[in-house]
Amino acid sequence: MATNAIAVRTVVRDEAAAALSAAMLNRITARAPMAGEVGAPPFFANQRRRVVTVNVVRRRDPSQTATLRRRFERAVRRRFLSLIRRITAEVLELDGFALEPAGLAAIATNRKRFDFPRRDEKVAAFMRWLQAAQRQEILGIAEGVPLSTAAQSAWTRTYIETAYQRGIADAGAKLRAGGATVDPTWVSGAFNRPVHADRVGLIYTRAFEELAGITEAMDKAISKTLAQGLAEGRSPRDIARQLRDRVQKIGITRARTIARTEVIAAHADATLNAYAEAKVEGVELEAEWSTTGDAKVCPVCERLEGRVFSLRKARNMLPAHPNCRCAWRPKVVGGSGIVLNWRAISVPRALSTRNERRRSRPPRALSGAHAHRCSGRARGRGSP
Ligand SMILES: [Zn+2]
Ligand SMILES: [Zn+2]
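Description of the structure in this document.

**A short note on the overall build of the protein chain**
Inference 1: Helix and strand counts for the protein chain stand at 11 helices and 8 strands.
Inference 2: A sequence separation of at least 24 residues applies to 79% of the contacts in the protein chain between residues at least 6 apart.

Written out as structure tokens, the structure is:
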């Protein structure tokens, strides 16, 4: 059971009221009261009277990044939607494949951008156009900038850096609460320290590469769908609809998962790196797994709620899976009188060695069947 659950026992006088409470509260477990307990019915009491033990679950967001995750998701979605608009315009309004009978789209057909004699040439021409449009709309890369260096200036970077900075601030606040004196500059100057600058760089590069990977996966599906649609002699309306469907099902869905998951990854990494710094300075601490504690936590994460790990073990455990929403709480076990001031810090760059880099992999199967939210399809709830 989640440690943040408050158990409340209420006496419910009839079934209707019980059902009402059940609908309103997250988790309900009904059990017969033990003899002598408050609410225990006298012998042969009214059968309808029963005791319901209710766990009122306090909803919380341990990483405090729900708003940031939503903003990132919305930004990613907006970009894919504008790609959809451009695809629709090319295929339908401008009749790029010249599929409409002459005269019907008289003004539009003068472009015939993808109107080549052979079908494979049409598909290839469309894919060239699509890739350029994707670079512009989804990745936001200027003409001529190679993909390998684009992460540096990518629009996604700010979301990851904000998440990481939140993690540092969060770690500072929690260490303070744990008794350490944390200088404000320890938080505000985090990116001046190589350990954090390096790590956040790794994460935003990875997030960007994942986004680029999604566009590639989407392209494969689009190219296949388009070739099929042309072969079957489908109308531009049909083709546009099918391509839109590919963008939505592959592009938007996977990209939103990446946005949500990478924010959590950046936050978790930031907190662990901050704890590691504090540890170098003499604060003895470990990392404690913290879930949102709501009904959407998956069974995997729920089992780990409150479990304490050494910082070394904790590394790369979070996010536990795509769409995980968990975070690390510091468990200060000693040396809480230490003053944390970043100028005094001498954290070796070794924290981001090649070995670290290798282990800094994205969570398994970001796009696969396991990409459930920490929510659990397991519980049959598909809510966001
Ligand atoms: Zn989780
Ligand atoms: Zn989970």
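**Here we look at the packing of helix α2 (residues 66-93) against helix α3 (residues 119-139)**
Inference 1: Interhelical geometry of α2 versus α3 gives an angle of 150° and a closest axis separation of 9 Å. Judged by the inter-axis angle, α2 sits roughly antiparallel to α3. Crossing of α2 against α3: the hand is right-handed. Together, Arg-79, Phe-80, Ser-82, Leu-83, Arg-86 and Glu-90 of α2 and Trp-129, Ala-133, Gln-134, Glu-137 and Ile-138 of α3 make up the contact between the two elements.
Inference 2: Residues that form the contact of α2 with α3 fall into these classes: 5 nonpolar, 2 polar and 4 charged.

**Comments concerning the nonpolar core**
Inference 1: Of all hydrophobic cores here, the largest spans 75 residues; its most connected members are Ile-160 and Ala-266.
Inference 2: Looking at this core, the elements that each hand over two or more residues are α2, α3, α5 (157-177), α6 (184-188), α7 (194-231), α8 (236-280), β5 (284-290) and β7 (327-334).
Inference 3: Broken down by element, this core gets its largest block of residues, 20 residues, from α8.
Inference 4: Those residues in contact with Ile-160 that lie beyond four places of it in its chain are Val-200, Ile-203, Tyr-204, Ala-207, Glu-262 and Ala-266.

**Some remarks on unusual backbone geometry**
Inference 1: Geometrically, the link from Leu-318 to Pro-319 is a cis peptide bond, its omega value of -5° lying close to zero.
Inference 2: As for its position among the elements, Pro-319 is in the loop between α10 (311-314) and β7.
Inference 3: Phi is positive for Asn-316, close to 65°, though the residue is something other than glycine.
Inference 4: By the element assignment, Asn-316 lies in the loop between α10 and β7.

**A closer look at the packing of α3 against α7**
Inference 1: Where α3 contacts α7, the two axes come as close as 10 Å, and the packing angle between them is 150°. The angle between α3 and α7 places the two elements in the roughly antiparallel class. Crossing handedness for the pair α3 and α7: right-handed. Of the residues in α7, those touching α3 at Arg-119, Lys-122, Val-123, Phe-126, Met-127, Leu-130, Gln-131, Gln-134, Ile-138 and Leu-139 are Leu-211, Ala-212, Thr-215, Asp-219, Ile-222, Ser-223, Leu-226, Ala-227, Leu-230 and Ala-231.
Inference 2: Partitioning the contact of α3 with α7 into residue classes produces 13 nonpolar, 4 polar and 3 charged.

Definitions and limits used
- Residues numbered from 1 in each chain as written.
- Chains lettered and ligands numbered in written order.
- Predicted model: local features only at pLDDT ≥ 70, side-chain atom pairs only at ≥ 80, totals over all residues.
- Helix = DSSP H or I, 4+ residues; strand = E, 2+ residues; numbered from the N terminus.
- Contact = placed C-beta atoms within 7 Å.
- Axes fitted to C-alpha atoms, helices over the stretch in contact; angles between N-to-C directions.
- Parallel < 35°, antiparallel > 145°, perpendicular 65-115°, else oblique.
- Left-handed = near helix turned anticlockwise from the far one by under 90°.
- Nonpolar A, V, L, I, M, F, W, Y, C, P; charged D, E, K, R; others polar.
- Core = buried A, V, L, I, M, F, W, Y, C linked by C-beta atoms within 7 Å.
- Buried ≥ 20, exposed ≤ 12 C-beta atoms within 10 Å, placed from the backbone.

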